[in-house]
Amino acid sequence: MPNQPEFPTAESLRIRFTRDQIQSRVREMGRHIREDLHGESVVLVGVLKGAAICLADRGRAINLDCTFDFVAVSSYKSGTRSSGAVQLIKDLTEPIEGRHIIVVEDILDTGVTLSFLQSHFERHNPRSIRVAALLDKPSRRIRPIQGHYIGFSIPNEFVVGYGMDYAERYRNLPDIRILDSIPAS
Ligand code: PRP
């Protein structure tokens with residue numbers, strides 16, 4: 001069997017945001033979204049896989065008539081770097097024409113993924129497109145994308161947990177932790 005990289009235990013990683021900090025911020029963002037939408041219905045679109053946990057919490061925090069949908073993209077990321085090429089590998093299943101949509105992301109990094117997705121969604125004539133991301137790394141941006149609802153801005157740290165992974169690990173952590181050194185593969 002090939003050598004498997006050794007992954008640090010979740011407990012050994014430094015906590016960046018606790019479960020309570022995340023939940024309280026998600027509730028605040030939910031209130032802002034509800035106020036902005038004046039009681040109108042909305043489609044929450046989660047970008048798999050990282051946004052799955054955010055979407056579940058956000059959906060419960062906005063207290064509006066809403067439906068869920070998901071897209072998935074392949075961004076040809078290698079380790080922590082993105083090649084800039086994005087391909088849609090799972091599209092929406094419900095029509096969005098004339099509807100408010102909120103694209104739910106765990107993290108906004110270079111902006112390449114959202115820039116691609118915004119253009120894709122605009123072709124379906126939604127009534128509005130807003131972006132809600134729990135984390136934002138503005139220093140990494142290479143596309144002019146801004147989130148409408150941002151939980152926390154962070155420097156260029158590699159974070160895992162609350163949906164975010166390294167090599168598919170750590171997504172299920174309830175808090176967000178920092179992976180200081182990337183395990184050798
Ligand atoms: C992450 C995150 C965003 C994207 C943001 O997904 O969930 O979709 O990166 O990065 P960008 O702003 O540089 O485009 P990732 O590609 O790691 O896939 P995953 O959600 O399946 O973990």
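Up top you'll find the structure we're talking about.
Description of the structure in this document. Quantities reported herein were computed from a predicted structural model and do not represent experimental measurements.

Quick notes on the overall build of the protein chain
- Counting secondary structure elements, the protein chain contains three helices and 11 strands.
- Against the globule reference of 16 Å for 185 residues, the protein chain gives a C-alpha radius of gyration of 16 Å, in line with a compact fold.
- Along the first, second and third principal axes, the C-alpha set of the protein chain runs to 50 × 35 × 30 Å.
- The buried share of the protein chain, reckoned over its 185 residues, is 47%.
- Nonlocal contacts in the protein chain, meaning residues at least 24 apart in sequence, comprise 67% of its contacts between residues at least 6 apart.
- Accessible surface, the protein chain as shown: approximately 9,700 Å² in total, 46% of it carbon and sulfur.

Topic: the sheet that holds strand β9 (residues 149-153)
- Taken together, six strands build an open sheet; the order of strands is β6-β3-β2-β7-β8-β9 and the sheet is mixed. A strand with exactly one partner marks an edge of an open sheet, and here the two such strands are β6 (87-90) and β9. Each strand axis lies, on average, 30 degrees off the axis of its neighbour in the sheet, ignoring direction.
- Where strand β7 (residues 100-108) meets strand β8 (residues 128-136), eight bridges bridge the pair, whose relative direction is parallel. Looking at the pairing, Val103 lines up with Val131 of β8.
- Of the strands in this sheet, β2 (42-48), β7, β8 and β9 touch helix α1 (residues 19-37), which is tilted by about 155 degrees from β9.
- Along the sheet, helix α2 (residues 52-62) makes contact with β2, β3 (66-74), β7 and β8, crossing β2 at roughly 160 degrees.

A short note on the sheet that holds strand β1 (residues 14-17)
- Pairing is antiparallel in the open sheet, where three strands are placed in the order β1-β11-β10. Each end of this open sheet is capped by a strand with a single partner; those strands are β1 and β10 (159-160).
- Judged from the three bridges that link them, β1 and strand β11 (residues 176-178) form a sheet pairing that is antiparallel. By the bridge assignment, Phe17 is partnered in β11 with Ile176.

A few points about the environment of Arg25
- Note that Arg25 resides in helix α1.
- Looking at Arg25, the relative accessible area reads 18%, which means it is buried.
- Here Gly151 takes part through its backbone oxygen, which lies 2.7 Å from a polar atom of the side chain of Arg25.

What to know about the pattern of salt bridges
- Enumeration according to the criterion identifies 11 salt bridges in this entry.
- A salt bridge links Arg16 to Glu157, with the nearest nitrogen and oxygen atoms 2.6 Å apart. Placement of the pair is Arg16 in strand β1 and Glu157 in the loop between β9 and β10, with a sequence separation of 141 residues.
- Among the ionic pairs, Glu168 bridges to Arg171, the shortest N-O distance being 3.0 Å.
- Since its relative accessible area comes to 44%, Glu168 is described here as partly exposed.
- Among the ionic contacts, a cluster of salt bridges with common partners joins Lys49, Asp165, Glu168 and Arg171.

Comments concerning helix α3 (residues 112-122)
- Extensive coverage of α3 is indicated by the burial of eight of its 11 residues.
- Buried residues in α3 make contact with β2, β3, β6, β7 and β8.

A closer look at the nonpolar core
- By size, the foremost hydrophobic cluster in this structure holds 27 residues, and its most contacted members are Ile102, Leu134, Leu135 and Ile176.
- Broken down by secondary-structure element, the contributors of at least two residues to this core are α1, β2, α2, β7, β8, β9 and β11.
- Sequence-distant contacts of Leu135, defined by excluding residues within four places in its chain, comprise Phe17, Asp106, Ile107, Leu108, Phe152, Ile154, Val159, Met164 and Ile176.

Parameters at a glance
Residues numbered from 1 in each chain as written. Predicted model: local features only at pLDDT ≥ 70, side-chain atom pairs only at ≥ 80, totals over all residues. Heavy atoms only, no water. Helix = DSSP H or I, 4+ residues; strand = E, 2+ residues; numbered from the N terminus. Rg over C-alpha atoms; globule rule 2.2 N^0.38 Å. Buried < 20%, exposed > 50% of the residue type's maximum accessible area, 1.4 Å probe, protein only. Contact = heavy atoms within 4.5 Å. Areas by Shrake-Rupley, 256 points an atom, 1.4 Å probe, with all protein chains shown as cover. Pairing = 2+ DSSP bridges. Axes fitted to C-alpha atoms, helices over the stretch in contact; angles between N-to-C directions. Polar contact = N/O pair within 3.5 Å; in protein donor to acceptor, adjacent residues only side chain to side chain. Salt bridge = Lys/Arg side-chain N within 4 Å of Asp/Glu carboxyl O. Core = buried A, V, L, I, M, F, W, Y, C linked by side-chain atoms within 4.5 Å.

Read these as spatial facts, not as claims about activity.
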